[in-house]
Amino acid sequence: MSNLLEQAAHNLARNGFTVHIADSEAEAADFLLREIPTDWSVGFGGSISLDQIGIYPKLAERGNPVYWHWQSVPGLSRQEVQQKASTADAFLLSSNAITASGAIVNTDGYGNRLAGLLYGHQRAFIVAGVNKLVPDLDAARIRIANQAAPPNTRRLKLETPCAETGYCMNCDSPARICNATLILHRQPGAVPITVCLVKRTLGF
Ligand code: SF4
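Residues numbered from 1 in each chain as written. Predicted model: local features only at pLDDT ≥ 70, side-chain atom pairs only at ≥ 80, totals over all residues. Heavy atoms only, no water.

**Let's talk about the sheet that holds strand S9 (residues 180-184)**
So the rule is basically this: At least two DSSP bridges between two strands are needed for those strands to be called paired. A run of H or I in DSSP becomes a helix once it reaches four residues, and a run of E becomes a strand once it reaches two; helices and strands are each numbered from the N terminus.
Across the sheet, four strands lie side by side as S8-S5-S6-S9; this open sheet has mixed pairing. Each edge of the open sheet is held by one strand with a lone partner, namely strand S8 (133-134) and S9. Direction of pairing for strand S5 (residues 97-99) relative to S8: parallel, over a ladder of two bridges. Bridge pairing in S8 links Thr 99 to Val 134.

Set out below in structure tokens:
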């Protein structure tokens, strides 16, 4: 186990978060399937990491009502899916950066992932590959500006300067995806958060 992974896991737990370490994508998905009751509804934040561990179809197949704005739900508009996700029993997301001191840092364009960590759910689960681990908050900001946001704007085909340059220009673009940042220093009161650290490179 790398030193950074050991430190982050130890300090996340010290900060009041529940921590699980998974060796693989499949083990992370199995962990979530064990932790989430079969009758719970499950909302998703936008996340390549969640896509990579394949948890959405597994939950859907066993009957959990699942709401992810990346997936169509018969009879519901995209906005209605997002609304359902915002009040689901469990909320799944990833993180843009997790520090060695056990802080969780996420930056959003809309803020739905950030809201999901603060209220509206019985539990929240963050799935993060070891590529999201950073030494400190400065490194977290640098990671988001240069490793997380630019490839996301390319993926979303947004017209931002970083989509061209590959690094942050602190833009004024209407398409800017870095509008709100939430740093969780410790477990807040409303939604118990479990962090599943996966020994793989996942997402951006
Ligand atoms: S602020 Fe603008 S340029 Fe910087 S990473 Fe975000 S979207 Fe890209």
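**Brief notes about empty space enclosed by the protein**
Definition in use: Both cavities and pockets are sets of points on a 1 Å grid over the protein atoms alone; in a cavity a 1.4 Å probe fits but cannot get out, in a pocket the set is open with protein on both sides within 12 Å along at least five of seven lines, and lining residues sit with an atom within 4 Å of a point. Grid points are joined across faces, edges and corners, and a volume is the space filled by probe spheres set on the points.
This structure, assessed with the given rule, holds one cavity of 30 Å³ or more. Looking at the largest cavity, its volume works out to about 100 Å³. What lines the largest cavity is a set of 14 residues, and nearest its centre among them are Thr 160, Cys 162, Cys 168, Cys 171 and Cys 178. Residue assignment for the lining of the largest cavity shows that the elements contributing at least two residues are helix H7 (137-155) and helix H8 (161-165).

**Here's the deal with the layout of surface pockets**
Reported here for the largest pocket is a volume of approximately 710 Å³. Along its surface, the largest pocket is lined by 32 residues, and Gly 46, Gly 109, Asn 152, Arg 155 and Leu 156 are the ones closest to its centre. Secondary structure elements with two or more residues in the lining of the largest pocket: helix H3 (48-53), helix H5 (78-86), strand S6 (104-108), helix H6 (112-118) and H7. Broken down by element, the lining of the largest pocket gets its largest block of residues, five residues, from H7. Elements that contribute at least two residues to the lining of the second largest pocket include exactly H5 and H6.

Geometric values such as these leave the question of function open.
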